[in-house]
Amino acid sequence: MPGFDFPPFDLPPEAQALRGEVRAFLAEELAGKPAVERARSWSGGSREFSRRLGARGWIGMTWPRKYGGHERSYAERYVVIEELLVAGAPVGSHWVADRQSGPLLLRFGTEEQRQRLLPRIARGELCFCIGMSEPGAGSDLAAVRTRARRVDGGWKVSGQKIWTSNAQHADWMIALVRTGDAEQRHAGLSQLLIDMKTAGVTVKPIANLTGESHFNEVFLDDAFVPESMLIGAEGDGWRQVGAELAYERSGPERYLSSIRVLLEFLRVVGDAPSEAERLLIGEMTARMWTLRQMSLSVVGKLAAGENPAVAAAVVKDLGTSLEQDIPRAVQALARPDCDLSGDDPFQRTLWYLLQTSPSFSLRGGTREILRGIIARELGLR
Amino acid sequence: MSELRALLARTTEQVLSQTPDWAAVAQAGLDKVLVPESWGGFGGSWEDALIVIRALGYHAVDLPLAEAILDSVRVEERDLHTAMMVAAKMAGALSAALDLSVEYTRQRQQFGKPLASFQAIQQQLAIFAEEAAAANMAAAAAFRAADRGGAAFEIACAKLRANQAARISTAIAHQVHGAMGFTSEYRLHHLTRRLWKWSSEQGNERFWADRIGAQVAQRGAANFWADLTR
Ligand SMILES: Cc1cc2nc3c(=O)[nH]c(=O)nc-3n(C[C@H](O)[C@H](O)[C@H](O)COP(=O)(O)OP(=O)(O)OC[C@H]3O[C@@H](n4cnc5c(N)ncnc54)[C@H](O)[C@@H]3O)c2cc1C
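What you see is a predicted model, and the numbers here were worked out from it, not measured in a lab. (Residues numbered from 1 in each chain as written. Chains lettered and ligands numbered in written order. Predicted model: local features only at pLDDT ≥ 70, side-chain atom pairs only at ≥ 80, totals over all residues. Heavy atoms only, no water.)

Draft legend 1. Spotlight on the overall build of chain B. When helices and strands are tallied, chain B shows ten helices and two strands. Along chain B, helices and strands appear, N-terminal first, in the series α-α-α-α-α-β-β-α-α-α-α-α. Rg of the C-alpha trace for chain B: 19 Å, near the compact-globule value of 17 Å for 230 residues, within the 12% margin. With respect to the principal axes defined by its C-alpha atoms, chain B has extents near 60 × 50 × 30 Å. The buried share of chain B, reckoned over its 230 residues, is 57%. The long-range share in chain B, meaning contacts at least 24 apart out of those at least 6 apart in sequence, stands at 70%. If you average the places of the 23 positive and of the 24 negative side-chain charges in chain B, the two averages end up 5 Å apart. (Helix = DSSP H or I, 4+ residues; strand = E, 2+ residues; numbered from the N terminus. Rg over C-alpha atoms; globule rule 2.2 N^0.38 Å. Buried < 20%, exposed > 50% of the residue type's maximum accessible area, 1.4 Å probe, protein only. Contact = heavy atoms within 4.5 Å. Lys, Arg positive; Asp, Glu negative; His and termini not counted. Charge placed at Lys NZ, Arg CZ, Asp CG, Glu CD.)

Written out as structure tokens, the structure is:
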């Protein structure tokens, strides 16, 4: 079963060489940034940071030069991404565009769309959001009801998206909409590029359990979308969105989200850990090292032109479990005076990740959905 | 995979899948996988040896082949490399137990349909597949590191990860097999009982987690990521 075959992949020397450059850049950019801020990872964004990263050539790295890309290898991109995440860089403004919207346009977009959008994404100027989920369409994504009605020169789109991360900051949304009949389910879906400034598009932030607003409701009320903003072919939305989700799932961000609290734990434990502390550190280190090898193997598959969708689901499920186990295990083992009310970096980071980690196995496809993909590869369904 | 390695994999499979005796193994030269060609061996690397050792675990073969392979080369830290061998056998046995569990749940019918069609079973076997994949990845990366030399950290992680995977997966394997898996006649226990033994051979989870944890803590937070990406 090829989905479960993970051959080791060694980063080539040029990728390792790039690592030093990225580290030096980040050390300067992020000097003095508090641990709890770093723990936000891709939930935090800064347009200025994205522009500076773009200027370095570290967005759209693997894309063709003619679209503003840099024709670097997947391995080089991987190194940049893992360094950004481990450092806790504010990558949220360009994250979605670099990871999935850009690659989607590269693969299915029209020439006009590519020329217009990809160079600006690569410069770090554009923020994209993902308009998949709806109130009635979560795991069952094919239940999407937002309708695109044909009008002169394009469509009028009406409906509602929800949980749309970054919609309040985004320039563009790639929306999965129904262009055919509801009875058609999969066949009636298409993907549209929607300019967030379009009349009839209203964004309403939703506060998450910490009180911060990262995701939103997006209301579409007869919003006009020109013909030229259809991605790929009408009715191909389901197939395309499957490819988009594979891009979304295959990155290293799927096991590193809680590394900050592990690092903070190491810092407070110091060089005289108790046995229980050593056991926790050892367990999490072995799991993290293994996941990194698996993540690298997925990069190897991408580089070889394979579609690593199942392998990526394996990494994401194991990875998000690790991301959730780390804060819980650290809490269970923290010194008794740690009551989560402390203002020190360790307690603040731990408290932040304890609260946010439940989302790790929801966003980008839930744990149960991923296990369903794996079960299909096993031949169980 | 190179042509030679593919040939080794085929030979290994042919020999080890037939409950071989030592003569069959020796005749195929599987004990000489690391011995240079000029000395009549296969002239392989640790990654080649992995194919043989993993298959030992997969087919639950009880021959001292791993020991013979270790004896055939000079290794500085014998215990460490023995642990690496056990991790590889465990990776193979985990894959075999997974295959067996998938096969069994597809055939066994209850409530008028195969067990495999129940989502509760599917989700458990998905976890099993992930754990087996992780153990195999860790072993493969450790053997590759051994070819580069100085693989103490990687071997420690591989053995610990194999132990973790065995703990989680053997429970699932037995649960989805029902009473049949608890019999002496059915072959699941050839794999799971070995996995339980191997988990305690050459270091259980406490042993390796302590060793890795002490080393990582000694190096400190500032070196953690740098060490992981060396
Ligand atoms: C922080 C965060 C950011 C997000 N950002 C975005 C975004 O930018 N754009 C976007 O489109 N969406 C986004 N989402 C939405 C995300 O994709 C959905 O939450 C996810 O697909 C699950 O849908 P749901 O929340 O409606 O849960 P449901 O589908 O209602 O599921 C609830 C529970 O039931 C389980 N379940 C559902 N169906 C089955 C089944 N068939 N078998 C077994 N179990 C099942 C699920 O696994 C889950 O455990 C975000 C979510 C979060 C938490």
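Draft legend 2. Expanded view of the site of the ligand. Taken together, 15 residues are adjacent to the ligand, and Ser133, Ser139, Trp163, Thr366 and Glu368 of chain A come closest. Around the ligand the close residues trace back to chains A and B. Separating an oxygen atom of the ligand from a backbone N or O atom of Met132 of chain A is a distance of 3.0 Å. Taking Ser139 of chain A, its side chain carries an N or O atom lying 2.7 Å from an oxygen atom of the ligand. Contact with the protein chains removes 64% of the 960 Å² of surface that the ligand exposes when unbound. Of the residues assigned to the shell around the ligand, the class counts are five nonpolar, eight polar and two charged. When residues of the shell around the ligand are assigned to domains, at least three map to each of domain 2 (130-236) and domain 3 (250-377) of chain A. (Near = heavy atom within 4 Å. Polar contact = N/O pair within 3.5 Å; in protein donor to acceptor, adjacent residues only side chain to side chain. Areas by Shrake-Rupley, 256 points an atom, 1.4 Å probe, with all protein chains shown as cover. Nonpolar A, V, L, I, M, F, W, Y, C, P; charged D, E, K, R; others polar. Domains from an automatic or database assignment.)

Draft legend 3. Fine view of the packing of aromatic side chains. All names here are of chain B. Under the defined criterion, the tally for this structure stands at ten aromatic pairs over all chains. Note on Tyr104 and Tyr186: the rings are 5.8 Å apart at their centroids and 65 degrees apart in plane angle, and the pair reads as edge-to-face. Placement of Tyr104 in helix H5 (residues 78-107) and of Tyr186 in the loop between helix H7 (152-177) and helix H8 (188-200) is noted, with a sequence separation of 82 residues between them. Tyr186 matches Tyr104 in its accessibility class, with the two residues each being buried. Between Phe207 and Trp208 the ring centres are 4.9 Å apart and the planes differ by 90 degrees, which places this aromatic pair in the edge-to-face class. (Phe/Tyr/Trp six-rings, centres within 6.5 Å; stacked < 30°, edge-to-face > 60°.)

Draft legend 4. View of the interface of chain A and chain B. The partner chain B presents 48 residues to the 51 residues of chain A that form the contact. For the pairing of chain A and chain B, the buried interface totals around 4,000 Å² over both sides, and the portion due to carbon and sulfur atoms is 69%. Looking at the side of chain A facing chain B, the largest losses of area belong to Pro8, Trp289 and Leu380 of chain A, adding up to 19% of the total buried there. If you look at where chain A meets chain B, you find four salt bridges. One salt bridge in this structure joins Asp10 of chain A and Arg148 of chain B, with 3.4 Å as the shortest N-O distance. The interface formed by chain A and chain B includes ten residue pairs in polar contact (both at pLDDT 80 or more). Only helix H1 (13-29), helix H4 (74-87), helix H8 (253-256), helix H9 (259-269), helix H10 (275-303), helix H11 (309-333) and helix H13 (367-377) of chain A provide two or more residues apiece to the side of chain A that touches chain B. Sorting elements by how many residues they give to the side of chain A that touches chain B places H10 of chain A first, with 16 residues. (Buried area = accessible area lost by both parts, 1.4 Å probe. Salt bridge = Lys/Arg side-chain N within 4 Å of Asp/Glu carboxyl O.)

Draft legend 5. Seen up close, the confidence of the model for chain B. Confidence in the prediction for chain B averages 97 pLDDT; 100% of positions are at 70 or higher. Among the prediction metrics, the complex's ipTM stands at 0.98, with pTM recorded as 0.97. (pLDDT = per-residue confidence, 0-100.)

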